[in-house]
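Below are the chains, spelled out letter by letter.
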Amino acid sequence: MKAARSDQQSAVRIGALVPLSRPGWVGAGRHLLAGLELAVSEVNAAGGVGGRPLELVVRDTAADPQRAAAAVEELAGLGVAALAGEYHSVVARAAAARADALGLPFLCSSAVLDALTEEPTGWVARLAPAQSHGWQTYADFLLGAGHSRIAVAAEPSVYWASGARILRDRLAPRGGTVIELDARALTPAALCDQLVGSGATALLLLVGFPEPAASIVTSVRRDQRLAEILIGAPAGQPEFAEWSALLGDDGAGIPFLRYLPERLGPLGLRVGTALHERLGEAPSFVAFEGYDTVAVLADALRSHGTDRARLAASWPQVAVEGTRGWIRFSRTPGIGVWQWAWPPTQVVDRDPAAPDRFRVLHSA
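No experiment lies behind these values; they were computed from the predicted model shown.

Cut-offs used in this document
Residues numbered from 1 in each chain as written. Predicted model: local features only at pLDDT ≥ 70, side-chain atom pairs only at ≥ 80, totals over all residues. Heavy atoms only, no water. Phe/Tyr/Trp six-rings, centres within 6.5 Å; stacked < 30°, edge-to-face > 60°. Helix = DSSP H or I, 4+ residues; strand = E, 2+ residues; numbered from the N terminus. Buried < 20%, exposed > 50% of the residue type's maximum accessible area, 1.4 Å probe, protein only. Pairing = 2+ DSSP bridges. Right-handed = clockwise from strand over helix to strand, strands pointing away. UniProt positions renumbered as here; feature names shortened; annotations may be inferred. Core = buried A, V, L, I, M, F, W, Y, C linked by side-chain atoms within 4.5 Å. Contact = heavy atoms within 4.5 Å. Axes fitted to C-alpha atoms, helices over the stretch in contact; angles between N-to-C directions. Parallel < 35°, antiparallel > 145°, perpendicular 65-115°, else oblique. Left-handed = near helix turned anticlockwise from the far one by under 90°. Nonpolar A, V, L, I, M, F, W, Y, C, P; charged D, E, K, R; others polar. Salt bridge = Lys/Arg side-chain N within 4 Å of Asp/Glu carboxyl O.

## Overview of the packing of aromatic side chains
- Enumeration over the complete set of coordinates arrives at eleven aromatic pairs.
- For the pair Trp135 and Tyr159, a centre-to-centre distance of 5.9 Å together with 80° between the ring planes defines the contact as edge-to-face. One end of the pair, Trp135, is in helix α5 (residues 131-144); the other, Tyr159, is in helix α6 (residues 158-171), and 24 residues separate them in sequence. In this structure, Trp135 and Tyr159 share a single accessibility class: buried.
- Between Trp315 and Phe329, the aromatic rings sit 5.9 Å apart at their centres with planes inclined by 80°, giving edge-to-face as the arrangement. On the criterion of sequence distance, the pair formed by Trp315 in the loop between α12 (308-313) and β11 (320-322) and Phe329 in the loop between β12 (325-327) and β13 (338-339) is long-range, its members being 14 residues apart.
- Taken together, the ring pairs connect Trp25, Tyr87, Phe209, Phe240 and Trp243 into an aromatic cluster.

## So, the pairing of strand β1 (residues 12-18)
- For β1, the buried fraction is high: seven of the seven residues fall into the buried class.
- Side chains of β1 alternate between two faces, with Val12, Ile14, Ala16 and Val18 and Arg13, Gly15 and Leu17 buried alike.
- Relative to strand β2 (residues 54-60), β1 runs parallel, the two sharing seven bridges. When the sheet's bridge partners are listed, Leu17 is paired in β2 with Arg59.
- With helix α2 (residues 26-45) bridging β1 and the parallel β2, this β-α-β connection has right-handed handedness.
- Pairing geometry for β1 and strand β3 (residues 82-85), over four bridges, is parallel. Bridge pairing in β3 places Ala16 opposite Ala84.

## Structural notes on the environment of Val360
- Here Val360 lies in strand β15 (residues 354-363).
- What makes Val360 partly exposed here is its relative accessible area of 37%.
- As for Val360 and Val347, which are separated by 13 residues in sequence, their C-alpha atoms are 6.2 Å apart.

## Remarks on the UniProt feature "domain: Leucine-binding protein" (unreviewed entry) in the protein
- In the UniProt entry, the feature "domain: Leucine-binding protein" (unreviewed entry) is given for residues 12-332.
- Annotated as residues 12-332, this span is 45% helix and 17% strand, and its ends, taken at the C-alpha atoms, are 30 Å apart.

## Some words on the nonpolar core
- If you look at the biggest cluster of nonpolar residues, it comprises 103 residues, and the most contacted ones within it are Leu54, Trp135, Leu203, Ile216 and Phe329.
- Broken down by element, this core gets its largest block of residues, twelve residues, from helix α11 (residues 285-304).
- Not counting chain neighbours up to four residues away, the residues in contact with Leu203 comprise Ala151, Val152, Ala153, Leu191, Leu195, Ile216, Val220, Ile229, Leu230, Ile231 and Gly232.
- Counting 21 residues, the second largest nonpolar core, distinct from the first, contains Val57, Ala71, Ala76 and Leu83.

## Observations regarding the sheet that holds strand β5 (residues 124-126)
- Strand order in the open sheet formed by six strands is β2-β1-β3-β4-β5-β13, and the pairing between neighbours is parallel. The open sheet has two edge strands, β2 and β13, and neither has a second partner.
- In terms of strand pairing, strand β4 (residues 106-108) meets β5 through three bridges, oriented parallel. Across the sheet, Cys108 pairs through a bridge with Arg126, a residue of β5.

## Overview of the sheet that holds strand β14 (residues 346-351)
- Across the sheet, which stays open at both edges, the three strands sit in the order β10-β14-β15 with antiparallel pairing between neighbours. The outermost strands of the open sheet, each flanked by one partner alone, are β10 (256-258) and β15. On average, each strand axis in the sheet is inclined to that of its neighbour by 45°, with strand direction left out of account.
- As judged from the three bridges shared by β10 and β14, these two strands associate in the antiparallel manner. By the bridge assignment for β14, Arg258 is matched with Gln346.

## Some remarks on the packing of α5 against α6
- Running from N to C, α5 and α6 point in directions that differ by 50°, and their axes come no closer than 9 Å. Taken together, the axes of α5 and α6 lie oblique to each other. Classified by chirality, the crossing of α6 by α5 is right-handed. Along the contact surface, α5 presents Gln131, Ser132, Trp135, Gln136, Ala139, Asp140 and Leu143, while α6 presents Tyr159, Trp160, Ser162, Gly163, Ala164, Ile166, Leu167, Arg170 and Leu171.
- Class assignment of the residues belonging to the contact of α5 with α6 gives a composition of nine nonpolar, five polar and two charged.

## A look at the pattern of salt bridges
- With the rule as written, the count across this model stands at 18 salt bridges.
- Glu42 is the partner of Arg270 in a salt bridge, and the nearest nitrogen-oxygen pair spans 2.8 Å. With Arg270 in helix α10 (residues 266-279) and Glu42 in helix α2, the pair connects residues that are 228 residues apart, well separated along the chain.
- Exposure remark for Glu42: the relative accessible area of 22% places this residue in the partly exposed category.
- One salt bridge in this structure joins Asp193 and Arg225, with 2.8 Å as the shortest N-O distance. Residue Asp193 is located in helix α7 (residues 188-198), and its partner Arg225 is located in the loop between α8 (213-222) and β9 (230-232); the two are separated by 32 residues in the primary sequence.
- On the accessibility criterion, Arg225 (49% relative accessible area) is partly exposed.
- Where salt bridges share partners, they join Asp140, Arg170 and Arg174 into one cluster.

Here it is in structure tokens:
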């Protein structure tokens with residue numbers, strides 16, 4: 001028992017915030033956690049941090065901002081050196097606010113909301129690109145593909161409202177129009193009726209998954225009046241195997257954003273193979289984000305120790321080879337946290353001829 005307590009005390013603890021239960025996106029959470037855990041196991045196999053093992057202390061946020069804030073409080077009390085993770089933007093914003101208030105370094109893995117914090121902070125850094133960067137790239141793809149009249153099926157949320165605003169601001173100067181359809185008030189059939197009369201050539205899903213996204217996709221695909229309309233999902237829902245399993249062929253040909261290079265380098269290929277073995281399926285970009293998060297934190301811990309203030313002060317000094325390129329943080333206009341600007345950004349879809357294969361349609 002004494003040896004076990006000694007080992008536990010010697011470990012460098014990292015708090016991990018991950019959605020592992022509904023209404024959180026469990027598939028994304030599973031991939032994020034797989035990346036975090038793989039990187040921790042590799043760091044420990046290579047001798048840990050200054051001879052001390054890394055230990056993940058995982059908390060399920062379940063897409064609940066209040067639950068995430070409470071988890072940050074608990075993890076801070078447990079003595080973690082830093083926080084990692086989170087996928088849902090609104091949840092990450094609550095976690096970032098609490099981490100900032102407590103003076104706890106937080107490296108956000110996968111949430112993209114531009115206003116991750118209300119005010120600029122030195123305690124928070126982010127690997128995922130800001131929503132404005134990714135969604136502007138998506139708007140450029142739409143225009144390039146000949147779509148200028150865009151309908152969005154949207155649910156009320158800060159994240160979805162921000163996405164719609166980014167699209168509108170990007171499209172309007174070039175003659176584009178965004179038509180909002182209330183996915184909360186309209187049934188999928190009624191939404192199809194409104195879509196027919198809108199003149200839109202593309203419908204974007206700014207809604208949760210599996211519902212109502214799956215029902216909307218099915219209804220549109222079955223409606224012969226909408227045979228020519230493009231369905232898009234900029235938030236990335238079709239990335240995960242659950243999408244294909246639920247929708248089958250109906251889920252193909254739906255462009256979405258993902259944050260991977262066109263070709264992975266040697267590190268990315270090696271990590272991708274290991275993630276595939278761990279997950280039992282092809283890893284999403286979220287799994288790579290998880291791995292890169294721990295790679296950055298481990299490097300910072302080796303160089304600056306476990307003091308929280310010193311660790312947070314090291315964000316601008318980071319220069320780490322990640323699975324998707326070299327990671328460095330900077331201050332970016334309009335972003336209040338230290339930001340990797342930018343990870344590789346693509347618009348891709350599942351190939352209708354082979355839904356397990358992805359096609360790159362546009363790159364930033």
